[in-house]
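Chains, contacts and geometry: an overview
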Amino acid sequence: MDYWRPNAGGPSTFPYYYQLGVGLPPQDFYSPLAVSSDYTYFGNLLWMQTGGMVASGTPYYCSYRLDGNAWIDRKPTGCDIVGAYFAKRGIARCRISGNKMVLYYFNMYADNLRHSIEIKHPTNPIKSYTGTVCGSGIHVALLDI
């Protein structure tokens, strides 16, 4: 189960316990839902430190490749997100404002293995940026260009 439970014989005063409901064993546990407000906080913090810095910039989809494999080329019509859905793959996107660019990669179908990623600059394909991605969470980087 994805619940934190105290060690047997340990203290039972953890402040975020609650009793399980009807039909479940009557045992105290800590639910991950108790920290759901943290998701909002950290999401807003991530936005302020990355995407918010270039919010008035120009968005682009980007070509990318994982683990040195074939390039996934961005679509000229902007339908990358639809193509990614049907191909069960990720998308790479950026937003450029002045001398700053935020890059992000998101793949809701990802495994939990580490992969190297290379993302091409959308207006200057000679330039590319590398990093590591893992899992289905969003991967974000703010760059000076």
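Just above, that's the structure.
Residues numbered from 1 in each chain as written. Predicted model: local features only at pLDDT ≥ 70, side-chain atom pairs only at ≥ 80, totals over all residues. Heavy atoms only, no water.

1. Regarding the packing of aromatic side chains
- Tallied over the full model, the rule gives 3 aromatic pairs.
- Where Tyr41 meets Phe42, the ring centres are 4.8 Å apart and the plane angle is 75°; that geometry is what we call edge-to-face.
- When the ring of Tyr85 is compared with that of Phe86, the centres are 5.0 Å apart and the planes differ by 85°; the resulting orientation is edge-to-face.
- Taking the relative accessible area as the measure of exposure, Tyr85 reaches 47% and is therefore partly exposed.
- For the cation-ring pair, Arg93 lies above Tyr61, with the distance from its terminal atom to the ring centre recorded as 4.5 Å. (Phe/Tyr/Trp six-rings, centres within 6.5 Å; stacked < 30°, edge-to-face > 60°. Buried < 20%, exposed > 50% of the residue type's maximum accessible area, 1.4 Å probe, protein only. Lys NZ or Arg CZ within 6 Å of the ring centre and 35° of its normal.)

2. A few points about the sheet that holds strand β8 (residues 128-133)
- With antiparallel pairing, the 3 strands of this open sheet are ordered in space as β4-β7-β8. Of all strands in the sheet, those bounded by a partner on one side alone are β4 (64-66) and β8. For this sheet, the mean inter-axis angle between neighbouring strands, taken without regard to orientation, is 20°. (Pairing = 2+ DSSP bridges. Helix = DSSP H or I, 4+ residues; strand = E, 2+ residues; numbered from the N terminus. Axes fitted to C-alpha atoms, helices over the stretch in contact; angles between N-to-C directions.)

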